[in-house]
Amino acid sequence: MKFPVIIFLISFLGTIITQTSADPWHDAHATFYGDMTGAETMKGACGYGDLFKQGYGLDTAALSTALFNNGGTCGACFEIVCVNDPKWCIHNAGTIKITATNFCPPNYSKPHENWCNPPQHHFDLSMPMFTKLANYKAGIIPVKYRRISCSKKGGVKFEIKGNPYWILVLLYNVGGAGDVTDVKIRGSKTNGWLQMSRNRGQNWQIGSNLVGQSLSFQVTVSDGKTLEFDNVAASNWQFGNSYDGKFNF
């Protein structure tokens, strides 16, 4: 994702943040779940596993229904700042940058303060990220957020699961726009690219037997950019292993 030059600055309680013409700030709220270890943030609705091993660490959030987009937003990156709450916002805390890795489910049993219910925009952060913006005793804070380009180290990763007749591939460590919108797979013996479908989050599936073939992938992210990752997994690939695409968006 490419952004234009900065055109003006906005200040919230002493925190200066940049504003560009292509990435406006939006109003939302933020809470946190789990403790400082982040153990409860592992796995989740996007289909990721150990977020430390996969490179996300604790710089993550669960998204409300309106932002989650049925898992389509998994992998997207956001910049968040605490605003308009002098009691709880840490002065000059600046912004945090997170990747969407989980879903904050709605709760229709209460008439009020259901922060993850539609149409509200809400981020349920890991506790370490929340406490970079505000004291944990705040519980909930008003924030502004915007989409940003994801900056990841190394190549896009492909974790292959399933069985000989059904392949499930988790894409993670995706840079650029971050959220994958389309995946195609090609075996060394197939006739061209085969369309995969979203299983959940960033897990993509296909009902084909590609065992014994080297695998290539064609990946499209939400800004429309498409990359081909040729021969990501050699013909002796194994279920349960992850393979490095070598480059990124």
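Just above, that's the structure.
Residues numbered from 1 in each chain as written. Predicted model: local features only at pLDDT ≥ 70, side-chain atom pairs only at ≥ 80, totals over all residues. Heavy atoms only, no water.

Regarding the sheet that holds strand E8 (residues 141-148)
Pairing is mixed around the closed barrel formed by 6 strands, whose spatial order is E3-E7-E4-E6-E5-E8. Here the strands of the sheet are splayed against their neighbours by 45 degrees on average, with no regard to which way each runs. (Pairing = 2+ DSSP bridges. Helix = DSSP H or I, 4+ residues; strand = E, 2+ residues; numbered from the N terminus. Axes fitted to C-alpha atoms, helices over the stretch in contact; angles between N-to-C directions.)

Some details on the state of the cysteines
The tally for this structure, following the rule as stated, stands at 4 disulfides. Linked covalently through their sulfurs, Cys46 and Cys74 form a disulfide whose S-S length is 2.0 Å. Taking the torsion about the sulfur-sulfur bond, which here is approximately -80 degrees, the covalent link between Cys46 and Cys74 counts as left-handed. Taken as a pair, Cys46 in the loop between strand E3 (26-33) and strand E4 (60-63) and Cys74 in the loop between helix H1 (65-68) and strand E5 (77-82) lie far apart in primary sequence, 28 residues in all. Judged by its relative accessible area of 0%, Cys46 is buried. The disulfide that involves Cys82 links it to Cys89, with 2.0 Å between the sulfurs. As the torsion about the S-S bond is roughly -75 degrees, the Cys82-Cys89 disulfide counts as left-handed. Of the residues examined, Cys82 reaches a relative accessible area of 6% and is grouped as buried. (Disulfide = S-S within 2.5 Å. Buried < 20%, exposed > 50% of the residue type's maximum accessible area, 1.4 Å probe, protein only.)

Describing the nonpolar core
Core analysis: the biggest nonpolar cluster contains 33 residues, and Tyr48, Phe78, Ile80, Ile98, Phe123, Leu125 and Ile141 have the highest contact counts within it. Excluding anything up to four places from it in sequence, Ile80 contacts Gly94, Thr95, Ile96, Ile98, Phe123, Leu125, Leu133, Val143, Lys144 and Tyr145. With 26 residues, the next largest nonpolar core counts Phe158, Val174, Leu215 and Phe249 among its residues. (Core = buried A, V, L, I, M, F, W, Y, C linked by side-chain atoms within 4.5 Å. Contact = heavy atoms within 4.5 Å.)

Some details on the pairing of E3
Pairing between E3 and E8: 5 bridges, direction antiparallel. Within the sheet, the bridge partner assigned to Ala28 lies in E8 and is Val143. Where E3 lies against strand E7 (residues 122-126), 5 bridges are found, and the strand directions are parallel. Of the residues in E7, the one forming a bridge with His29 is His122.

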